[in-house]
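Chain residues, written in single-letter form:
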Amino acid sequence: MTARRWWILAAVIASIFVGVIVIAAVVAQGAVSSARAAYAATVEEYSPLLAERDDAEAAAIEALAPEAADPADDPAVLAEVARLLEIVQQTVPDDRVDVDRSSDAQFIDESRIALAAVVADVRADVDALTRAVDALLEARTARVIDAAVADLDQALAEGESALAGSEGRVTDESVRQVLSAALDDGRLARDAEARDPESIAEAAAVIRTAIAAVAAARVPAFTDVNGTWCYWENIAFCVTVALPRVGDDSVIQPPGADSFYPPRGDGWTYVVPGEPCFTTGVGAANGDPFGSAVFVYCPRGVSSSDPFQNFDNPQYERIYISQRGSIDPYFRIDEWAAATGR
């Protein structure tokens, strides 16, 4: 082989060797780039996770605060939230590295694996704490909704009673229409698939406002007197009126045809001329005249003209039963405390 051929062969071998080196360098650089990209993706997951961690911690602290406490909270749930909060509040190792300064693909990949393990641990802790706080708050909300629904049910019952009892008894029929619409809206709020406590409470308030409007427009009648009434000085002294009976052994006596006070036509009552309250008599069941007394029913907003009353609060309904000039009132049992200030 001539010297020229050896020179050509050596050149070919050298070029092949250089090519192999170049290819190896390109492959190595590609591995580094891939490793850096994977590491960057892990960092992108980790950074917002730390913000979630802060949010979960703040939510747990707020849920456990004394001012947010609910006596009905499950102690086991509270303990679990406190335990997970303590875990989340522990210092998290931050082993992030500047991979742009390294060309070692293996080092970068090992760093990514370590960081990914930290991300997984933090994610598990944050998710567990979030679930526990959600369970605590959902239980509290459920109790609020239950209480609101119970109150709405009571308002619906009161409204239905007011609507039925006011038929033909109001000066303005539109107030009954408003009440009827409020009752329909209240039922919708109560039966909604996604029940909101604020909406439910608002529905109950609207119903009660409509009830008050009906009551204000309602024309009083003596038959409204039915119910339990308690003496203004002592709530232990009560009398039940269920017309025609008053108490256990008395009846309201309808006036005779020749009575000074003409009958009103309802069979139970007559009204003293010029007297804003309904006035009649109550007597013993056996008709003993010595057991009779004056019986007065004053609707809300009016007062008897009797100057000898010992106590009067026209903001509430009252009855008076007396055989003497000094007449003391009885208030409805459910209004007694408000009416008397006790």
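Model, not experiment: these values are computed from the prediction.

### What about the packing of helix H3 (residues 105-165) against helix H5 (residues 197-217)?
Item 1. Where H3 meets H5, the axes come as close as 9 Å, and the angle between the chain directions of the two elements is 20°. Of the possible angle classes, the one that applies to H3 and H5 is roughly parallel. Read as a crossing pair, H3 and H5 show a hand that is left-handed. In this structure, H3 uses Val144, Ile145, Ala148, Val149, Asp151, Leu152, Gln154, Ala155, Leu156, Glu158, Gly159 and Ala162 to contact H5, whose residues at the interface are Pro197, Ile200, Ala203, Ala204, Ile207, Arg208, Ile211 and Val214.
Item 2. When its residues are assigned to classes, the contact of H3 with H5 shows 15 nonpolar, 2 polar and 3 charged.

### A look at H5
Item 1. Here H5 spans 30 Å end to end across 21 residues, near enough to the 30 Å set by a 1.5 Å rise per residue.
Item 2. Buried residues belonging to H5 abut H3 and helix H4 (174-191).

### Observations concerning the pairing of strand E2 (residues 238-242)
Item 1. Only one face of E2 is covered, namely the face carrying Val239 and Val241; the face carrying Cys238, Thr240 and Ala242 is uncovered.
Item 2. Examined bridge by bridge, strand E1 (residues 227-231) and E2 share 4 bridges and lie antiparallel to one another. Within E2, the residue paired with glycine 227 across the bridge is valine 241.
Item 3. Pairing between E2 and strand E3 (residues 245-246): 2 bridges, direction antiparallel. In the strand pairing of E3, valine 241 is matched with valine 246.
Item 4. Between the antiparallel neighbours E2 and E3 lie 2 residues.

### Regarding the packing of H3 against H4
Item 1. Running from amino to carboxyl end, H3 crosses H4 at an angle of 155°, the nearest separation of the two axes being 10 Å. In terms of orientation, H3 lies roughly antiparallel with respect to H4. For H3 against H4, the interelement crossing comes out left-handed. For the pair formed by H3 and H4, the contact residues are Val149, Leu152, Asp153, Leu156, Gly159, Glu160, Ala162 and Leu163 on the first element and Arg176, Leu179, Ser180, Leu183, Gly186, Arg187 and Arg190 on the second.
Item 2. Across the contact of H3 with H4, the residue classes break down as 7 nonpolar, 3 polar and 5 charged.

### Side note on the state of the cysteines
Item 1. Counted according to the given criterion, the structure contains 2 disulfides.
Item 2. The residue that forms a disulfide with cysteine 230 is cysteine 238, at a sulfur-sulfur distance of 2.0 Å. Here cysteine 230 and cysteine 238 share a disulfide; its torsion about the S-S bond, 95°, makes the bridge right-handed.
Item 3. Overall, cysteine 230 belongs to the buried group, its relative accessible area being 0%.
Item 4. Paired through a disulfide, cysteine 277 and cysteine 298 show a sulfur-sulfur distance of 1.9 Å. Every disulfide takes its handedness from the sign of the S-S torsion; for cysteine 277 and cysteine 298 that torsion is 105°, giving right-handed. Of this pair, cysteine 277 sits in the loop between strand E4 (250-253) and strand E5 (278-284) while cysteine 298 sits in strand E6 (residues 293-298), and the two are 21 residues apart along the sequence.
Item 5. Exposure remark for cysteine 298: the relative accessible area of 0% places this residue in the buried category.

### Thoughts on helix H2 (residues 75-88)
At 3.6 residues per turn, the α-helix brings residues three or four places apart onto the same side.
Item 1. Here H2 is 14 residues long and its end C-alpha atoms lie 20 Å apart, about the 20 Å a rise of 1.5 Å per residue gives.
Item 2. For H2, the set of buried residues is Val81, Leu84, Leu85 and Val88. Mapping the buried residues of H2 onto a view down its axis gives an arc of 105°, with all of them on the same face. Exposed and facing more than 90 degrees away from the buried side of H2 are Pro75, Ala76 and Glu86.

### Thoughts on the packing of aromatic side chains
Item 1. Applying the stated rule across the entire model yields 8 aromatic pairs.
Item 2. Note on tryptophan 229 and tyrosine 297: the rings are 6.1 Å apart at their centroids and 75° apart in plane angle, and the pair reads as edge-to-face. In this pair, tryptophan 229 is assigned in strand E1 and tyrosine 297 in strand E6, connecting sequence segments 68 residues apart.
Item 3. For tyrosine 297, a relative accessible area of 1% translates into the label buried.
Item 4. Clustering of aromatic rings is evident, with ring pairs tying together Phe222, Trp229, Phe278, Phe295 and Tyr297.

### Overview of the environment of leucine 84
Item 1. Relative to the elements of secondary structure, leucine 84 occurs in helix H2.
Item 2. For leucine 84 and alanine 132, which are 48 residues apart along the polypeptide, the C-alpha to C-alpha distance reads 8.2 Å.
Item 3. The contact partners of leucine 84, leaving out residues within four places of it in the chain, are Ala128, Leu129 and Ala132.

### Remarks on the pairing of E6
Item 1. Taking burial as the measure, the 6 residues of E6 include 5 buried ones, the bulk of the element.
Item 2. Relative to strand E7 (residues 318-322), E6 runs antiparallel, the two being bridged by 5 bridges. Bridge pairing in E7 links phenylalanine 295 to isoleucine 321.

Calculation criteria
- Residues numbered from 1 in each chain as written.
- Predicted model: local features only at pLDDT ≥ 70, side-chain atom pairs only at ≥ 80, totals over all residues.
- Heavy atoms only, no water.
- Axes fitted to C-alpha atoms, helices over the stretch in contact; angles between N-to-C directions.
- Helix = DSSP H or I, 4+ residues; strand = E, 2+ residues; numbered from the N terminus.
- Parallel < 35°, antiparallel > 145°, perpendicular 65-115°, else oblique.
- Left-handed = near helix turned anticlockwise from the far one by under 90°.
- Contact = heavy atoms within 4.5 Å.
- Nonpolar A, V, L, I, M, F, W, Y, C, P; charged D, E, K, R; others polar.
- Expected span 1.5 Å × (residues − 1).
- Buried < 20%, exposed > 50% of the residue type's maximum accessible area, 1.4 Å probe, protein only.
- Pairing = 2+ DSSP bridges.
- Disulfide = S-S within 2.5 Å.
- Arc of directions from axis to C-beta.
- Phe/Tyr/Trp six-rings, centres within 6.5 Å; stacked < 30°, edge-to-face > 60°.

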